[in-house]
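# Geometric and topological summary
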Amino acid sequence: MSDGKLSSGKVGFVSLGCPKALVDSEKILTQLKMDGYDVVNSYDNADVVVVNTCGFIDAAKQESLDAIREAMTENGKVIVTGCMGKGKDAETIRELNPGILAVTGPQAYEEVMTAVHEWVPPVAQEHNPYIDLVPPQGVKLTPRHYSYLKISEGCNHSCTFCIIPDMRGKHVSRPIGDVLDEAKRLVAAGTRELLVISQDTSAYGVDLKYRTGFWDGKPVKTKLYDLCKELGELGAWVRLHYVYPYPSVDDIMPLMAEGKILPYLDIPFQHASPRILKLMKRPAHAENTLERIHKWRAQVPDLVIRSTFVVGFPGETEEDFQMLLDWLEEAELDRVGCFKYSPVEGAKANDLPDHVPEEIQQERFDRFMQAQQAISARKLQRKIGSRMTVIIDEVDEEGAVARSAADAPNIDGMVYLNDFFDCQPGDFVEVEIEHADEYDLWASPVA
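These numbers were taken from a predicted model, which means no experiment stands behind them.

## Some remarks on empty space enclosed by the protein
Under the counting rule described, the total for this entry stands at one cavity of 30 Å³ or more. Of the volumes computed, that of the largest cavity is approximately 50 Å³. Lining the largest cavity are D334, R335, S376, K379, L380, K383 and A406. The element that contributes the greatest number of residues to the lining of the largest cavity is helix α13 (residues 358–381), accounting for three residues. Across the lining of the largest cavity, the residue classes break down as two nonpolar, one polar and four charged.

## Here we look at the pattern of salt bridges
Under the counting rule described, the total for this entry stands at 26 salt bridges. Note that E230 and K218 form a salt bridge whose closest N and O atoms lie 3.1 Å from each other. Of the two residues, E230 is situated in helix α7 (residues 224–231) and K218 in strand β11 (residues 218–221); the sequence distance between them amounts to 12 residues. Looking at E230, the relative accessible area reads 10%, which means it is buried. Given a relative accessible area of 33%, K218 falls into the partly exposed group. Between E332 and R378 there is a salt bridge, with the nearest N and O atoms lying 3.0 Å from each other. Note that E332 is positioned in the loop between α12 (318–331) and β15 (335–340) and R378 in helix α13, a separation of 46 residues in sequence. For E332, a relative accessible area of 16% gives the class buried. According to the relative accessible area criterion, R378 is partly exposed, its value standing at 31%.

## Some remarks on the sheet that holds strand β19 (residues 428–436)
Reading around the circumference, β16-β17-β18-β20-β19 is the order of the five strands in this closed barrel, with mixed pairing throughout. This sheet shows a mean twist of 50° between the axes of neighbouring strands, independent of strand direction. Where strand β16 (residues 387–396) and strand β17 (residues 399–403) come together, five bridges link them in antiparallel fashion. Residue pairing in the sheet places E394 in a bridge with V401 of β17.

## Quick look at the side chain of D440
Within the element layout of this structure, D440 appears in the loop between β19 and β20 (441–445). No salt bridge is formed by the buried D440; the nearest opposite charge belongs to R335, separated by 5.7 Å. From its side chain, D440 meets the backbone nitrogen of M414 in a polar contact 2.8 Å long. If we ignore the near neighbours within four places in the chain, the residues touching D440 are L380, G413, M414, Y416 and H435.

What counts, and where the lines are drawn
Residues numbered from 1 in each chain as written. Predicted model: local features only at pLDDT ≥ 70, side-chain atom pairs only at ≥ 80, totals over all residues. Heavy atoms only, no water. 1 Å grid on protein atoms, 1.4 Å probe; cavity = no way out; pocket = protein on both sides within 12 Å on 5 of 7 lines; lining within 4 Å. Points joined across faces, edges and corners; volume = space filled by probe spheres on them. Helix = DSSP H or I, 4+ residues; strand = E, 2+ residues; numbered from the N terminus. Nonpolar A, V, L, I, M, F, W, Y, C, P; charged D, E, K, R; others polar. Salt bridge = Lys/Arg side-chain N within 4 Å of Asp/Glu carboxyl O. Buried < 20%, exposed > 50% of the residue type's maximum accessible area, 1.4 Å probe, protein only. Pairing = 2+ DSSP bridges. Axes fitted to C-alpha atoms, helices over the stretch in contact; angles between N-to-C directions. Lys, Arg positive; Asp, Glu negative; His and termini not counted. Polar contact = N/O pair within 3.5 Å; in protein donor to acceptor, adjacent residues only side chain to side chain. Contact = heavy atoms within 4.5 Å.

What is shown is where atoms sit, not what they do.
Rendered as structure tokens:
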């Protein structure tokens, strides 16, 4: 070990970004624990700090740069990884932080560990299997009762407002046996809800030509339907995120109808105007999405659809925006997020003509949210008097806070069980809905 290098084994960790980045953080944390490091939550106690960055939009990049600067100021020994660890962003990080120890890209687990080992050699200590075992599910940043299950990495699409393929590469599916092994371990360790994530969940297995793998002694195709079918046998809720409306989605509707997986789809529609979708170069932009939604709901009447949309995209006219509002009214989506378009360095949309002024973007955002709020309130009012199963997330001084099948953690609504304390996180409870507002429900347990 050369002069200036550190000798104890305490690592600070900052995790930013989406659930996919969170999974990357969990993998690094698990490896750190397996290598004997202590993960600490203070800059003062850390011998080195790892910052997992997000670079999806400019606001996320700025948050990452601020986190790096804070770590450098408070500690001074920083390793950066994640989406900003490649290309021009990596150069920017090094220019702004000349003393930084290492910068690596996304999913660069081995490079991160090499840098940690270089600057903080693990302390030799006797292994005690009774107290030093890494939990079977690995180190998790989510509560014990739900877990993100990443099935692939990267994306093959060329959406003009997005640079994810540049940051994370082309779509690469994980072997189905590995995915199912991980899911089984998670459920055995207490996970009650599996949240399936990737950049493009519908494309699972496309790159492998739906190769047949083996799991639990039987052949299983590397395909979304087969994956969902096997996950549905594990006894946990299975929730699908980042699903594009390809025909393959039709195949999994029977699994939802049978209760094998949750009747929930997270589909990033982004817009409804064919002209704007074409400018965005969105996959399946020519699909009649309203027709698909009606078809799905005919098979699965309680299907919940959440989505995200962009308003104020370059070239968006009032006619385009009104088309979006009309589509929204007919589609009656359950959960919706909206973003005002903002340029991302390196995105092709930056070069499109007719950028929409900020004041018009804000006005359209406000109208969009007002329209969706009314739809959401209307749909939730219909649930009053109905019964449903919820999963408990936490219990505080006011009672239990839960989610229904319609609600993914941290992004959707909640179900509040005031004055109900006879439960713990991860419990499934049958409830009757008594009250609703625009986004949340209030209920009481059914005796």
